[in-house]
Amino acid sequence: MYTPSNNRRPSRGRSFGGQSSSNRRSGGPKNHKQNINPSRFIKPATAFVDEVYTSEHSFDDFAMHPLLKKNIATKGYITPSPIQDKAIPHGLMGKDVLGIANTGTGKTAAFALPVLHKLLEQPGSRVLIIAPTRELAEQIEDECRSFAKGSGLFGVLLIGGASMTNQLRDLKKKPEIVIGTPGRIKDHVERGTLSLSTFNLVVLDEVDRMVDMGFIADIRYLLGGIPEVRQSLFFSATIEPKIAQLINTFLIDPITISVRTSETSDNVEQDVVYYSGRDDRIDKLHDVLNSAKDGKVLIFDETKFGVERLGNELVQRGFKADALHGGKSQSQRQRALKRFRTNDINVLVATDVAARGIDVADITHVINYATPNTYEDYVHRIGRAGRAGRTGTALTFISR
Ligand code: AMP
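Calculation criteria
- Residues numbered from 1 in each chain as written.
- Predicted model: local features only at pLDDT ≥ 70, side-chain atom pairs only at ≥ 80, totals over all residues.
- Heavy atoms only, no water.
- Salt bridge = Lys/Arg side-chain N within 4 Å of Asp/Glu carboxyl O.
- Helix = DSSP H or I, 4+ residues; strand = E, 2+ residues; numbered from the N terminus.
- Buried < 20%, exposed > 50% of the residue type's maximum accessible area, 1.4 Å probe, protein only.
- Axes fitted to C-alpha atoms, helices over the stretch in contact; angles between N-to-C directions.
- Contact = heavy atoms within 4.5 Å.
- Nonpolar A, V, L, I, M, F, W, Y, C, P; charged D, E, K, R; others polar.
- Core = buried A, V, L, I, M, F, W, Y, C linked by side-chain atoms within 4.5 Å.
- Pairing = 2+ DSSP bridges.
- Expected span 1.5 Å × (residues − 1).

(A) Expanded view of the pattern of salt bridges. Counted according to the given criterion, the structure contains 20 salt bridges. The partner of Glu141 in a salt bridge is Arg145, with the nearest N and O atoms 3.1 Å apart. Taken together, the residues span about one helical turn, with Glu141 and Arg145 both in helix α4 (residues 134–147) at a distance of 4 residues. Accessibility classification places Glu141 together with Arg145 in one group, the buried group. A salt bridge links Arg381 to Asp352, with the shortest nitrogen-to-oxygen separation between them at 2.8 Å. With Arg381 in helix α14 (residues 375–382) and Asp352 in helix α13 (residues 352–355), this residue pair connects regions lying 29 residues apart in the sequence. Its relative accessible area of 2% is what places Arg381 among the buried residues. Through salt bridges with shared partners, one network takes in Arg278, Asp283, Glu313 and Arg317.

Here it is, written out as structure tokens:
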């Protein structure tokens, strides 16, 4: 179905210049550990019923700039996904859109294409795209870059962490496309290096995650600074009360489109692995990984330190593994993700926060080496397996 594109990270040529980040709140919400009954981690997969969606449009049907159509074809997109099919026509007409959709639905193109069309058709337009994590912001940047190839549009990625020098340099060039995480974007606004009054388009991606991560005040601040005469496109997997409030305040007469896939991960086989003591735990993991040699395995552990140590131990045991956590530099994180996406490694150990927003559609196994803090976290974690119509496996390690 909608698998990640392989043309990762083309040369940074016409900027869309990238930086690294440290969301000030990258620690995420500090949930207390719930005592979740292990029986909730056991559930057989139910057969995946592939809902056949017949799209109403082809990409050619959309009243969209020819360059975008050409680049879509080059990317190999043939049929619009449901969210694209339904959202793009409204987006192109300049309507505010609320997309209720999660990762893997093709939501990025659903907002990027109408936005890029407007940038090409109405010179002087400018878009601010806000995403919860560095990784997601980078993925959006990659998509925009490939859609906008040859357009002369200029973009900047404002994510925190590393030096501001390149971001400041790129911002001076007045990029039409500004993509970033809330904290770093706000930093630039406060420094006076980015003026919100220059935007007439705004996209919020994964609003629910941003709210989860404590960014709601920053989002309100940013949206409040953008002129009211604008087009706004919001995407969220859920509409909790706080999000509904944001929508009511900041969207005008939006078209709502829902294509959310089930968050219950019905097509994930869920089971537990009991262990007694540290050695038994790692040995059991070893066995699981041996039996999943042909799969792509995402392992969750608790702390940066734990993730790093487990990643190293698995490498020593001969597995093609790497670790992803907030203690790594941006380039190390990018490298780990890229290796995982391109099958250079098939095991990635991560913290919950570092794993947010990773768009890897072909993960076969999610292993909770440490139990999640909440059942909701559990559902988020295992939802990463069994995407795009495949059956996945989730195993949760429980101490006897
Ligand atoms: P997203 O939900 O935007 O993260 O997209 C998930 C994946 O599907 C990405 O790797 C996209 O490149 C891919 N994708 C999005 N739309 C299409 C399409 N119409 N045809 C084929 N692949 C797509």
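Back to the write-up after that little detour.
(B) Here's a closer look at the packing of helix α1 (residues 66–75) against α4. Put simply, α1 and α4 touch, their axes get as near as 8 Å, and they point 115° apart. Between α1, through Leu68, Asn71, Ile72 and Lys75, and α4, the contact on the second element is made entirely by Glu143, Ser146 and Phe147. Of the residues assigned to the contact of α1 with α4, the class counts are 3 nonpolar, 2 polar and 2 charged.

(C) Region of the structure containing the nonpolar core. Residues Leu113 and Ile129 are the most contacted members of the largest nonpolar core, which totals 40 residues. Those elements giving two or more residues to this core turn out to be α1, α2 (82–92), α3 (107–121), β3 (127–130), α4, β5 (177–180), β6 (201–204) and β7 (231–236). It is α3 that provides the largest number of residues to this core, a total of 9 residues. The contact partners of Ile129, leaving out residues within four places of it in the chain, are Phe111, Ile140, Cys144, Ile177, Val178, Ile179, Gly180, Ile185 and Val203. Judged by nonpolar contacts, the second largest core, of 30 residues, contains Val178, Val189, Met210 and Phe250.

(D) Structural context of the sheet that holds strand β10 (residues 297–300). Pairing within the open sheet is parallel, and its 6 strands lie in the order β9-β14-β13-β10-β12-β11. Whereas interior strands pair on both sides, the edge strands pair on one side only; in this sheet they are β9 (268–275) and β11 (321–324). Adjacent strand axes in the sheet meet at a mean angle of 20° when their direction is disregarded. Where β10 and strand β12 (residues 347–350) come together, 4 bridges link them in parallel fashion. Considered in β12, the bridge of Leu298 is made with Leu348. Along the sheet face, helix α10 (residues 277–291) touches β9, β10, β12, β13 (365–368) and β14 (392–399) and points at about 145° away from the line of β9. In the packing of helix α11 (residues 304–316) onto the sheet, the strands contacted are β10, β11 and β12, and the crossing angle to β11 comes to about 175°.

(E) Geometry of the environment of Pro80. In this fold, Pro80 is placed in the loop between α1 and α2. A relative accessible area of 2% places Pro80 in the buried class. Taking the C-alpha atoms as reference points, Pro80 and Thr54, 26 residues apart in sequence, are found 9.5 Å from one another.

(F) Up close: unusual backbone geometry. Unlike most non-glycine residues, Lys174 shows phi in positive territory, near 55°. With respect to the element layout, Lys174 can be found in the loop between α5 (165–172) and β5. Phi at Asn343 is positive, roughly 70°, even though this residue is not glycine. As for its placement among the helices and strands, Asn343 is situated in the loop between α12 (330–341) and β12. Judged by its relative accessible area of 46%, Asn343 is partly exposed.

(G) View of the environment of Thr198. With respect to the helices and strands, Thr198 occurs in the loop between α6 (182–191) and β6. Along the chain, Thr198 and Gly225 lie 27 residues apart, while their C-alpha atoms are 9.6 Å from each other.

(H) Structural detail: α12. End to end, α12 covers 16 Å across 12 residues, agreeing with the expected 16 Å (1.5 Å per residue, within 8%). If you follow the buried residues of α12, they end up packed against α4, β10, β11 and β12. One or two residues past the end of α12 sits Asn343, with phi positive at roughly 70°.

(I) α2, seen in detail. Turning to α2, its buried residues are Ile83, Gln84, Asp85, Ala87, Ile88, Gly91 and Leu92. Those residues of α2 that are buried are in contact with β2 (97–100), α3, β7 and β8 (255–258). At the exit of α2 stands Gly94, carrying a positive phi of roughly 85°.

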